[in-house]
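Residues per chain, in single letters:
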Amino acid sequence: MLTLKNVSKYYQQNGQILKVLTAINMEVHEGDMICLIGKSGEGKTTLLRIISGLCRPDAGEVLFNKSNIYNLPEKQRSKLRLNSIGVIHQHSTLIDELSCSENIQFPLRMCNQPIDKKWFGHIIDALCIDNLLSEFPTSLSGGQRKRIEIARVLLQTPRLLI
């Protein structure tokens, strides 16, 4: 499903090149669960951003279903994230002006995609957030906000969850 071939990423810092990722090779198959462990600043978030199509590698290929995602125009990469690669971001991406229910449905509504009411209800029950649907993100705890974000990603039924 996902293949990384010689993926590298570099940054300039104080006039020097900082090698964050060097020739990373990895395969992820359907059903696999991968855990990235490392110290702060070792490239974990950069790798996840590259896998999800948010940060272009300086070298190498990122293949999703055998297609290099960085050969796709940005609009198609966005569509890939909406339909196939779900990203739960490290920091909150909820929209404060929308209710939690609206936040969960937002990506699908923006693309005029139907909401599967049965799947929506299942996610809400599984995450125990039915009492939060009419609330706004600013009134939630950090854990509650994260569960709303998880619900938003799961509603999109991604094949790959990051």
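The coordinates are above.
In what follows, the accompanying structure is described. All values derive from a computational prediction rather than experimental measurement.

Analysis parameters
- Sequence order as written defines the numbering, with residues in each chain counted from 1.
- This being a predicted model, a pLDDT of at least 70 is required before a residue's local features are given, and a value of 80 or more before pairs of side-chain atoms are given or counted; all residues contribute to the totals for chains, interfaces and linings.
- Note that water and hydrogens are dropped before the side-chain values are worked out from all heavy atoms of the structure.
- Here, a strand pair is defined by DSSP locating no fewer than two bridges between the strands.
- Under the DSSP-based scheme used, a helix requires at least four consecutive residues in state H or I and a strand at least two consecutive residues in state E, with every element numbered from the N terminus.
- For the exposure calls, accessible area comes from a 1.4 Å probe over protein chains only, and a residue counts as buried if that area is under 20% of its type's maximum, exposed if over 50%, partly exposed in between.
- Whenever two N or O atoms come within 3.5 Å, that pair is a polar contact, provided that in protein one can donate a hydrogen and the other can accept it, and provided that, for residues adjacent in sequence, both atoms are side-chain atoms.
- The nonpolar core is taken to be a set of buried Ala, Val, Leu, Ile, Met, Phe, Trp, Tyr and Cys residues, with the residues joined through side-chain atoms within 4.5 Å.
- Arc, as used here, means the arc of the directions from the helix axis to the C-beta atoms.
- Contact criterion: two residues are considered in contact whenever any of their non-hydrogen atoms come within 4.5 Å of each other.
- Salt bridges are defined by distance alone: a side-chain nitrogen of Lys or Arg within 4 Å of a carboxyl oxygen of Asp or Glu.

Quick look at the sheet that holds strand β3 (residues 59-64)
Strand pairing in a sheet relies on backbone hydrogen bonds, with the paired strands running either antiparallel or parallel.
Right, so step 1: Here we have four strands laid out as an open sheet, ordered β2-β1-β3-β4, and antiparallel in their pairing. Edge positions in the open sheet fall to β2 (16-28) and β4 (67-68), since each of these has one partner strand only.
Right, so step 2: As paired strands, β3 and β4 are joined by two bridges and run antiparallel to one another. Note that in β4 the partner of Leu63 across the bridge is Asn68.

Some thoughts on unusual backbone geometry
Right, so step 1: One non-glycine residue, Cys128, lies in positive phi territory at about 55°.
Right, so step 2: Within the fold, Cys128 resides in the loop between α4 (117-126) and α5 (142-155).

Looking at the side chain of Ser8
Right, so step 1: Within the secondary structure, Ser8 sits in strand β1 (residues 2-13).
Right, so step 2: Using a relative accessible area of 4% as the deciding quantity, one classes Ser8 as buried.
Right, so step 3: A distance of 2.8 Å separates a polar atom in the side chain of Ser8 from the backbone nitrogen of Ala23.

Here's the deal with the nonpolar core
Nonpolar side chains tend toward joint burial in soluble globular proteins.
Right, so step 1: If you look at the biggest cluster of nonpolar residues, it comprises 21 residues, and the most contacted ones within it are Leu4, Ile51, Val62 and Leu160.
Right, so step 2: Secondary structure elements with two or more residues in this core: β1, β2, α1 (44-51) and β3.
Right, so step 3: Of all the elements, β2 adds the most residues to this core, at four residues.
Right, so step 4: Leu82, Cys100, Phe120 and Leu133 belong to the second-largest nonpolar core, a separate cluster that totals 17 residues.

Considerations on the pairing of β1
Each regular strand shows side chains that alternate between the opposite faces of the sheet.
Right, so step 1: As judged from the nine bridges shared by β1 and β2, these two strands associate in the antiparallel manner. Each residue of the ladder has a partner; that of Lys9, found in β2, is Leu21.
Right, so step 2: Between β1 and β2, which follow one another and run antiparallel, lie two residues, and Asn14 among them has a positive phi close to 55°.

Some words on the environment of Glu97
Right, so step 1: You can see Glu97 is positioned in the loop between β5 (85-86) and α3 (100-110).
Right, so step 2: Each C-alpha atom of the pair Glu97 and Thr138 lies 8.8 Å from the other, and the pair is 41 residues apart in sequence.

Points about α4
The periodicity of an α-helix, 3.6 residues per turn, causes residues three or four positions apart to be oriented the same way.
Right, so step 1: Buried within α4 are the following residues: Phe120, Ile123 and Ile124. Viewed end-on, α4 has its buried residues packed into an arc of 100°, placing them on one side of the element. Exposed and oriented more than 90 degrees from the buried face of α4 are Lys118, Asp125 and Ala126.
Right, so step 2: Looking at the buried residues of α4, the elements they touch are α3 and α5.
Right, so step 3: Remark: Cys128 follows α4 within two positions and exhibits a positive phi of approximately 55°.

Considerations on the pattern of salt bridges
Right, so step 1: Considering all chains together, one arrives at five salt bridges under this definition.
Right, so step 2: The shortest N-O distance in the salt bridge between Arg77 and Glu74 comes to 2.6 Å. Placement of the pair is Arg77 and Glu74 together in helix α2 (residues 74-83), with a separation of three residues, close to one helical turn.
Right, so step 3: Residue Glu74 is classed as partly exposed on the basis of its relative accessible area of 42%.
Right, so step 4: The residue Asp96 makes a salt bridge to Arg145 at a minimum N-O spacing of 3.8 Å. Linking Asp96 in the loop between β5 and α3 with Arg145 in helix α5, this pair joins segments that are 49 residues apart in sequence.
Right, so step 5: Through salt bridges with shared partners, a single ionic network connects Glu74, Arg77 and Arg81.

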